[in-house]
Amino acid sequence: MTDTSPSAEPLLKVDGLSRKFVLGSRKPFAEKRYLHAVDNVSFSIARGETLGLVGESGCGKTTTGRLVLRLIEPTGGSVSFRGEDVLAKSPQQLRRLRQDMQIIFQDPFGALNPRMTAGELIVEPMVIHNIGDSVSRESRLRKLLDLVGLTPAHASRFPHEFSGGQRQRLCIARAISLEPGFIVCDEAVSALDVSVQAQVLNLLQDLKHELGLTYLFISHDLGVVRHISERVAVMYLGQIVEMGPRAAIFESPSHPYTQALLNSVPSAAKGRRSFFTIPGDVPSAANPPSGCRFHTRCPIAQSICSTTAPPATRLGPGHTAACHFAAPFNAIPVGAPASA
Ligand code: SF4
């Protein structure tokens, strides 16, 4: 999908990003088969902005986050960070760039070495990148603990001595220890209890304002994405199907998949009888449906949908949807000047 975000000079610009994995075959000399985990994904994020990336499990959002950081190598497309070509960087240059591009993982326990204390874990990135000396690192450690709501007494504890929320605070302290400008939050609150989720989300918001951070916030949870994001991109089967400002996505969703996702959120007001589920399973990315990838599950699919991939249609400022029938009466083709 073409990116039509309003930012003139984004901090991060992703264009046509793709990643296909070769699938194993039991037959020798059989034709190679590929799994298209991420297919032609484009978006940009302005400095200080949070872009939420949402979709069902297995839609490619986590792979997208890792491709942006080159934790997985893309097979196509480009990634530009602060105007620099991330994919052209040598391993050494990439190591330096990673100081400014960090990630927070879903599972804080798995992300932390259980044999290291909290203090050692937070200081470790500074040691690896040879930043400061023991005195300055100690002082930075105290500041970081304070920033994430932990105390100096926590520095000598091991990860198993923390609660889930405290462990995620520890991961956040580690992620911001090198003063990055950009963080990929990959399902960063999904493993936490709901009450703790709110605390960690608020912490991420506070840090964003205090430290001028920019987030790519990946989550399957629409409520969480709505809470933290200024813009939202909706992913289905490796592609972005709708993207726009938070209000446009949540108040006037235009792609049937976005509408179905929003309708499937449990709500006390809806009651059990009106609870909606998207029919069928997500098709395999190894053999995606022809035309529009959502046509096998779409409630309004027409014959064109199974033969022709829908182009991105601009529906408003920064709001696009890849659907033949998205708001057909007032849609503006992508590329035409925006009226507002
Ligand atoms: Fe549904 Fe067709 Fe739109 Fe795809 S292009 S979302 S199948 S109506």
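What counts, and at which threshold
- Residues numbered from 1 in each chain as written.
- Predicted model: local features only at pLDDT ≥ 70, side-chain atom pairs only at ≥ 80, totals over all residues.
- Heavy atoms only, no water.
- Buried < 20%, exposed > 50% of the residue type's maximum accessible area, 1.4 Å probe, protein only.
- Helix = DSSP H or I, 4+ residues; strand = E, 2+ residues; numbered from the N terminus.
- Pairing = 2+ DSSP bridges.
- Contact = heavy atoms within 4.5 Å.
- Axes fitted to C-alpha atoms, helices over the stretch in contact; angles between N-to-C directions.
- Parallel < 35°, antiparallel > 145°, perpendicular 65-115°, else oblique.
- Left-handed = near helix turned anticlockwise from the far one by under 90°.
- Nonpolar A, V, L, I, M, F, W, Y, C, P; charged D, E, K, R; others polar.
- Polar contact = N/O pair within 3.5 Å; in protein donor to acceptor, adjacent residues only side chain to side chain.
- Phe/Tyr/Trp six-rings, centres within 6.5 Å; stacked < 30°, edge-to-face > 60°.
- Lys NZ or Arg CZ within 6 Å of the ring centre and 35° of its normal.

Colleague: Go over the pairing of strand 11 (residues 312–316) with me, naming the residues and quoting the values.
Modeller: With 5 of its 5 residues buried, strand 11 lies for the most part within the structure. Relative to strand 12 (residues 319–322), strand 11 runs antiparallel, the two sharing 4 bridges. Counted as the bridge partner of Thr-313 is Ala-321 from strand 12. What sits between the antiparallel neighbours strand 11 and strand 12 is a turn of 2 residues, in which Gly-318 has the positive phi angle 70 degrees.

Colleague: Pulling in residues and values, what's your account of the side chain of Thr-64?
Modeller: Checked against the element boundaries, Thr-64 lands in helix 1 (residues 61–68). Residue class for Thr-64 comes out buried when judged on its relative accessible area of 1%. Setting aside its immediate chain neighbours within four residues, Thr-64 contacts Leu-17, Val-38, Val-41, Phe-43, Leu-53 and Met-235.

Colleague: An account of the packing of helix 6 (residues 164–176) against helix 7 (residues 194–211) is needed here, citing residue identities and associated values.
Modeller: A pair of packed helices can be characterised by two numbers: the angle between their axes and the separation between those axes. For the pair helix 6 and helix 7, interaxial distance at closest approach is 10 Å and the crossing angle is 20 degrees. Classified by the interaxial angle, the pair formed by helix 6 and helix 7 is roughly parallel. Pair helix 6 / helix 7 crosses with right-handed handedness. For the pair helix 6 and helix 7, the contacting residues are Gly-165, Gln-168, Arg-169, Ile-172 and Ile-176 in the first and Val-196, Gln-199, Val-200, Leu-203, Leu-204, Leu-207 and Leu-211 in the second. Class assignment of the residues belonging to the contact of helix 6 with helix 7 gives a composition of 8 nonpolar, 3 polar and 1 charged.

Colleague: Kindly report on the environment of Thr-50, identifying the contributing residues and their values.
Modeller: Among the structural elements, Thr-50 can be located in strand 3 (residues 50–54). When the C-alpha atoms of Thr-50 and Pro-10 are compared, they prove to be 12 Å apart, with 40 residues separating the residues in sequence. Reaching out from Thr-50, the side chain makes a polar contact with the side chain of Lys-208 at a distance of 2.9 Å.

Colleague: Hey, could you go over the side chain of Thr-258 for me, with residue numbers and the actual values?
Modeller: Structurally, Thr-258 is set in helix 10 (residues 256–263). In this structure Thr-258 comes out as buried when scored by relative accessible area, which is 2%. Sequence-distant contacts of Thr-258, that is, excluding residues within four places in its chain, are made with Val-234, Glu-242, Ile-249 and Pro-253.

Colleague: Go over the packing of aromatic side chains, please, and point to the residues and values.
Modeller: Counted according to the given criterion, the structure contains 4 aromatic pairs. Measuring from centroid to centroid gives 5.0 Å for Tyr-236 and Phe-294, while their planes differ by 80 degrees, and the two rings are edge-to-face. Of this pair, Tyr-236 sits in strand 9 (residues 231–236) while Phe-294 sits in the loop between helix 10 and strand 11; the two residues are 58 residues apart in sequence, bridging distant segments of the chain. The pair formed by Tyr-236 and Phe-294 is uniform in burial state, with each residue classed as buried. Using a relative accessible area of 2% as the deciding quantity, one classes Phe-294 as buried. Feature note: the residues Tyr-236, Tyr-257 and Phe-294 constitute an aromatic cluster, connected by ring pairs. Just above the ring of Tyr-34 sits the side chain of Lys-20; from NZ or CZ to the centre is 4.6 Å.

Colleague: Explain the sheet that holds strand 1 (residues 12–23) to me, using residue names and the numbers behind them.
Modeller: Whenever strands of a sheet pair, they do so through backbone hydrogen bonds, lying parallel or antiparallel. Reading across the sheet, the 4 strands line up as 2-1-4-5 and stay open at both edges, with antiparallel pairing between neighbours. Taken across any chain shown, the strands that pair with only one partner, and hence form the sheet edges, are strand 2 (33–45) and strand 5 (84–85). As judged from the 9 bridges shared by strand 1 and strand 2, these two strands associate in the antiparallel manner. Counted as the bridge partner of Val-14 is Phe-43 from strand 2. Sheet strands touched by helix 1: strand 1, strand 2 and strand 4 (76–81). Its angle to strand 1, the strand with the most contacts, is close to 115 degrees.

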